[in-house]
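Listed here are the chains, written in short residue letters.
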Amino acid sequence: MLLEQTAAGDRGAWEELRDRHCLELYAQVFAICGEAADTEQVVAEAFEQARRCARQFDLSGDINVAAWLAGLARSVILGRRSGSGRKSAARSPRKANLS
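Residues numbered from 1 in each chain as written. Predicted model: local features only at pLDDT ≥ 70, side-chain atom pairs only at ≥ 80, totals over all residues. Heavy atoms only, no water.

A.B. asks: Explain the packing of helix α2 (residues 11-33) against helix α3 (residues 36-53) here, please?
C.D. replies: Describing two packed helices takes the angle between their axes plus the distance from one axis to the other. Between α2 and α3, whose axes approach to 9 Å, the crossing angle comes to 140°. Here α2 lies oblique to α3, going by the angle between them. Crossing handedness for the pair α2 and α3: right-handed. On α3, the residues touching Trp14, Arg18, His21, Cys22, Leu25, Tyr26, Val29, Phe30 and Cys33 of α2 are Ala36, Asp38, Thr39, Glu40, Val42, Val43, Ala46, Phe47, Ala50 and Arg51. (Axes fitted to C-alpha atoms, helices over the stretch in contact; angles between N-to-C directions. Helix = DSSP H or I, 4+ residues; strand = E, 2+ residues; numbered from the N terminus. Parallel < 35°, antiparallel > 145°, perpendicular 65-115°, else oblique. Left-handed = near helix turned anticlockwise from the far one by under 90°. Contact = heavy atoms within 4.5 Å.)

Structure (C-alpha cells):
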C-alpha cells in the first residue's frame, strides 16, 4: 500500500516507507560495506532509486518491499565496486610514470 501511494507521488507515504525500512537496510548494507560513511551513501542511493522506480515495482510478485530495497542496495554496491576498480586501474599507470 505504501509503495503504491509512493508511486502516486504521496510524499508522506514515501517518508513512512523509508522510515519503516531504513534501519534494516542500513544493517544489511553495513554488514557488507563495514564503514558508516559508505553505508549511508549506499542506503541513500538505494532509497533514491526506490523512490524513482516505485511505479515499476511489481506488487503482484512474490518479492516484498524489503527484499526489493536490499536488491537495489546490492546493485548500488556492485556499481560502486566496479567503478572503483576502474579508477584504481586507471591510477596505477600514472603512479608508475611518476617513479
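On we go.
A.B. asks: Please explain the layout of surface pockets as it appears in this structure.
C.D. replies: Unfilled space is identified by rolling a water-sized probe across the atoms. Counted as a void, the largest pocket has a volume near 170 Å³. In terms of lining residues, the largest pocket is bounded by Thr6, Ala7, Gly9, Asp10, Arg11, Trp14, Arg51, Arg52, Cys53, Ala54 and Arg55. Sorting the residues of the lining of the largest pocket by element identifies α1 (2-7), α2 and α3 as the ones contributing at least two each. Counting residues per element, the lining of the largest pocket draws most heavily on α3, at three residues. Among the residues making up the lining of the largest pocket, the classes are represented as four nonpolar, two polar and five charged. (1 Å grid on protein atoms, 1.4 Å probe; cavity = no way out; pocket = protein on both sides within 12 Å on 5 of 7 lines; lining within 4 Å. Points joined across faces, edges and corners; volume = space filled by probe spheres on them. Nonpolar A, V, L, I, M, F, W, Y, C, P; charged D, E, K, R; others polar.)

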